[in-house]
Amino acid sequence: MLTQFEQYAVTSMMGAGDTPPRANGTLCFASEWERSAFGVALALARDGHFEWEDFRRNLIAAIGDWERAETSHTPDWNYYEQWLAALEATMLQHGLATPEELAARTDAAAA
Amino acid sequence: MTDRFQYPNDREARSAARAKALESLLIEKGIINATTVDTVLKVFETKMGPFNGAKIVARAWVDPAFKQRLVADAPAAIAEMTDLPEGMAGAEGEHMRAVANGEGVHNLVICTLCSCYPWPVLGLPPYWYKDPTFRSRAAREPRAVLKEFGLDVPSATEVKVWDSSAQIRWFVIPERPAGTEGMSESELAALVTPESMMGVAVANAA
């Protein structure tokens with residue numbers, strides 16, 4: 001039985017509201033940052049920096065927040081924006097980064 | 001992390017910056033390294049390479065009579081092929097049956113046992129194929145499951161679900177993609193994916 005963590009993690013989401021988008025059978029990423037966010041989250045859980053379920057709880061919460069925010073300027077749905085928010089939250093909860101570090105880096109990367 | 005981006009166009013740029021920021025921070029801290037993302041994605045992106053099932057499907061695409069024989073008696077038709085490794089029809093291959101997608105019909109293969117995947121034809125099974133949730137949902141609501149796989153089957157198209165068992169192991173002959181008229185058999189084989197032979201995807205011209 002094939003039990004690669006990566007396959008397990010993604011399979012465990014199928015049938016649930018947080019399952020990643022696919023195109024013609026395979027995972028699809030609209031841009032490089034989506035692919036990076038996906039890979040980093042799986043790697044951190046695989047290497048034991050947090051439990052996959054901790055990340056999923058944050059992902060489900062992020063998706064729930066988006067769904068509840070029914071304002072006239074609710075942005076278009078992008079699955080990997082929720083993924084990114086969940087990844088940041090999980091990293092902060094597990095002490096892998098501080099809010100200040102992430103903010104400073106993001107500003108630098110955007111400059 | 002900041003709200004200084006005012007316009008929707010900036011959402012992409014902001015997300016890209018956030019992803020880049022956290023990845024570079026984790027690399028700098030030695031928590032991951034520069035190749036970590038690629039290593040993870042390789043698990044999902046690795047092409048199976050030319051696998052036996054692809055050669056069988058490509059033959060069926062170029063030779064309608066072979067396709068008929070394949071649907072009528074898969075092991076006998078496969079035995080005609082000389083460029084497959086020995087043992088293809090043996091072991092788990094011996095009870096193979098083929099179903100062909102076509103106008104108005106899409107086939108999906110599931111498996112309620114764990115050992116009945118046609119290994120010699122398809123290679124290693126994707127993990128989800130063995131997942132009990134996938135199997136039971138695919139039997140109950142195949143269109144919803146296919147949609148989750150990113151495959152929208154038109155409502156006019158009938159979805160047939162084939163449950164492999166110890167007695168019969170099903171595989172799908174996907175439709176030949178449009179625009180491939182001039183392609184050779186080996187070029188065609190490169191368009192066939194394991195997913196398309198299980199019916200959770202279609203074969204596309206590259």
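Chains are numbered independently. Their residues run from 1 in the order of the written sequence. Whichever chain is written first becomes A and whichever ligand is written first becomes 1, with later ones labelled in order. Totals for whole chains, interfaces and linings use every residue, but because this is a predicted model, local features are given only for residues with pLDDT of at least 70 and side-chain atom pairs only at 80 or more, for both listing and counting. Processing note: side-chain calculations cover all non-hydrogen atoms of the structure and skip hydrogens and water entirely.

Student: What is the right way to look at the overall build of chain A in this model?
Tutor: Counting secondary structure elements, chain A contains five helices and two strands. Helix and strand labels come from DSSP, where a helix needs a run of H or I of at least four residues and a strand needs a run of E of at least two; each type is numbered from the N terminus. In chain A, the succession of helices and strands from N to C terminus is α-β-β-α-α-α-α. The C-alpha atoms of chain A give 15 Å as radius of gyration, which agrees with the globular expectation for 111 residues (13 Å, within 12%). Taking the principal axes of the C-alpha coordinates as reference, chain A spans close to 45 × 35 × 25 Å. Split into buried and exposed, the 111 residues of chain A put 49% on the buried side. Here, residues are in contact when the closest pair of their heavy atoms is within 4.5 Å. Taking all contacts inside chain A whose residues are at least 6 apart in sequence as the whole, residues at least 24 apart take part in 65%. Atoms counted for the radius of gyration: C-alpha only. Globule rule: 2.2 Å times the number of residues to the power 0.38. A simple rule labels every residue: compare its accessible area, found with a 1.4 Å probe on the protein chains alone, to the largest value its type can have, and call it buried under 20%, exposed over 50%, or partly exposed in between.

Student: What's the story with the side chain of B:H106 in this structure? I'm lost.
Tutor: For B:H106, the location among the structural elements is in strand 2 (residues 105-111). Leave out the neighbours within four places in its chain, and B:H106 touches B:N101, B:L146, B:L151, B:V153, B:T157, B:E158, B:V159, B:K160, B:G199, B:A201 and B:V202.

Student: How should I be thinking about the interface of chain B and chain A in this particular structure?
Tutor: Many descriptions give the size of an interface as the accessible area lost when the pieces come together. Facing 45 residues of chain B, the contacting portion of chain A comprises 51 residues. Of the roughly 4,600 Å² buried at the junction of chain B and chain A (both faces included), carbon and sulfur atoms supply 64%. In the sections that follow, a salt bridge refers to a side-chain nitrogen of Lys or Arg positioned within 4 Å of a carboxyl oxygen of Asp or Glu. Applying the counting criterion to the chain B and chain A interface returns five salt bridges. A:E88 is the partner of B:R18 in a salt bridge, and the nearest nitrogen-oxygen pair spans 2.9 Å. Whenever two N or O atoms come within 3.5 Å, that pair is a polar contact, provided that in protein one can donate a hydrogen and the other can accept it, and provided that, for residues adjacent in sequence, both atoms are side-chain atoms. Where chain B meets chain A, there are 13 residue pairs in polar contact (both at pLDDT 80 or more). Throughout, the accessible surface (probe 1.4 Å) given up by two parts as they are put together, summed over both, is called the buried area.

Student: What is the right way to read the packing of helix 3 (residues 52-68) of chain A against helix 4 (residues 79-93) of chain A from this model?
Tutor: Geometry of a packed helix pair, given as the angle between the helix axes and the separation of the axes. All names here are of chain A. Running from N to C, helix 3 and helix 4 cross one another at 130°; their axes reach a closest spacing of 8 Å. On the basis of their axis angle, the class for helix 3 and helix 4 is oblique. At the point where helix 3 passes helix 4, the crossing takes the right-handed sense. In this structure, helix 3 uses W52, D54, F55, N58, L59, A62, I63 and W66 to contact helix 4, whose residues at the interface are Y79, Q82, W83, A86, L87, A89, T90 and Q93. Of the residues that constitute the contact of helix 3 with helix 4, the class distribution is eleven nonpolar, four polar and one charged. Angular values range over 0 to 180 degrees, each being the angle between N-to-C directions of two axes fitted as lines to C-alpha atoms, with helices fitted over their stretch in contact. Angle categories: roughly parallel below 35 degrees, roughly antiparallel above 145, roughly perpendicular from 65 to 115, and oblique for all the rest. Working rule for handedness: look at the near helix, and if it is turned counterclockwise from the far one by less than a right angle, call the crossing left-handed; if clockwise, right-handed. Each residue gets one of three labels, nonpolar for Ala, Val, Leu, Ile, Met, Phe, Trp, Tyr, Cys and Pro, charged for Asp, Glu, Lys and Arg, and polar for the others, Gly among them.

Student: I tried to follow the packing of aromatic side chains on my own but got confused; where do I start?
Tutor: Aromatic rings considered in pairs are described by the distance between their centres and by the relative angle of their planes. Residue and element names in this part refer to chain A. Aromatic contacts are taken between Phe, Tyr and Trp rings whose centres are within 6.5 Å, Trp giving its six-membered ring; a plane angle under 30 degrees counts as stacked, one over 60 as edge-to-face, and the others as tilted. Enumeration over the complete set of coordinates arrives at 16 aromatic pairs over all chains. For the pair F5 and W52, a centre-to-centre distance of 6.0 Å together with 90° between the ring planes defines the contact as edge-to-face. Taken together, the positions of F5 in helix 1 (residues 5-11) and W52 in helix 3 put the pair 47 residues apart, joining distant regions of the chain. The exposure class of W52 is buried, given its relative accessible area of 5%.

Student: Help me understand the environment of B:E141 in this model?
Tutor: Residue and element names in this part refer to chain B. In this structure, E141 sits in the loop between helix 7 (132-140) and helix 8 (142-148). The partly exposed category is assigned to E141, whose relative accessible area is 31%. Taking the C-alpha atoms as reference points, E141 and V161, 20 residues apart in sequence, are found 10.0 Å from one another.

Student: Is there a simple way to explain helix 2 (residues 36-45) of chain B in this structure?
Tutor: Because the α-helix completes a turn every 3.6 residues, residues three or four places apart line up on one side. Regarding helix 2 of chain B, the residues found buried are B:T36, B:V37, B:V40 and B:L41. Axial view of helix 2 of chain B: buried residues confined to an arc of 120°, hence all on one face. Directions from the helix axis toward the C-beta atoms define the arc.

Student: Teacher, can you tell me more about the confidence of the model for chain B here?
Tutor: Atomic detail in the predicted coordinates should be set aside for any region of low pLDDT. Residue and element names in this part refer to chain B. Confidence along chain B averages 84 in pLDDT terms, with 81% of residues attaining 70 or more. Scored from 0 to 100, pLDDT records how confident the predictor is in each individual residue. Here helix 6 (residues 119-122) stands out as the least confident element of chain B, with mean pLDDT 66; helix 4 (residues 64-72) is the most confident, with 97. For this predicted complex, the interface confidence reaches an ipTM of 0.92, while the overall pTM sits at 0.80.

Student: Quick question: what am I supposed to make of the side chain of A:R22 here?
Tutor: With respect to the helices and strands, A:R22 occurs in strand 1 (residues 22-23). By the counting scheme adopted, Arg and Lys are positive, Glu and Asp are negative, and His together with the chain ends is not counted. Although buried, A:R22 forms no salt bridge, and the nearest oppositely charged side chain, B:E148, lies 6.6 Å from it. Once residues within four sequence positions are removed from consideration, A:R22 is found in contact with A:V10, A:M14, A:L27, A:C28, B:E148, B:F149 and B:G150.

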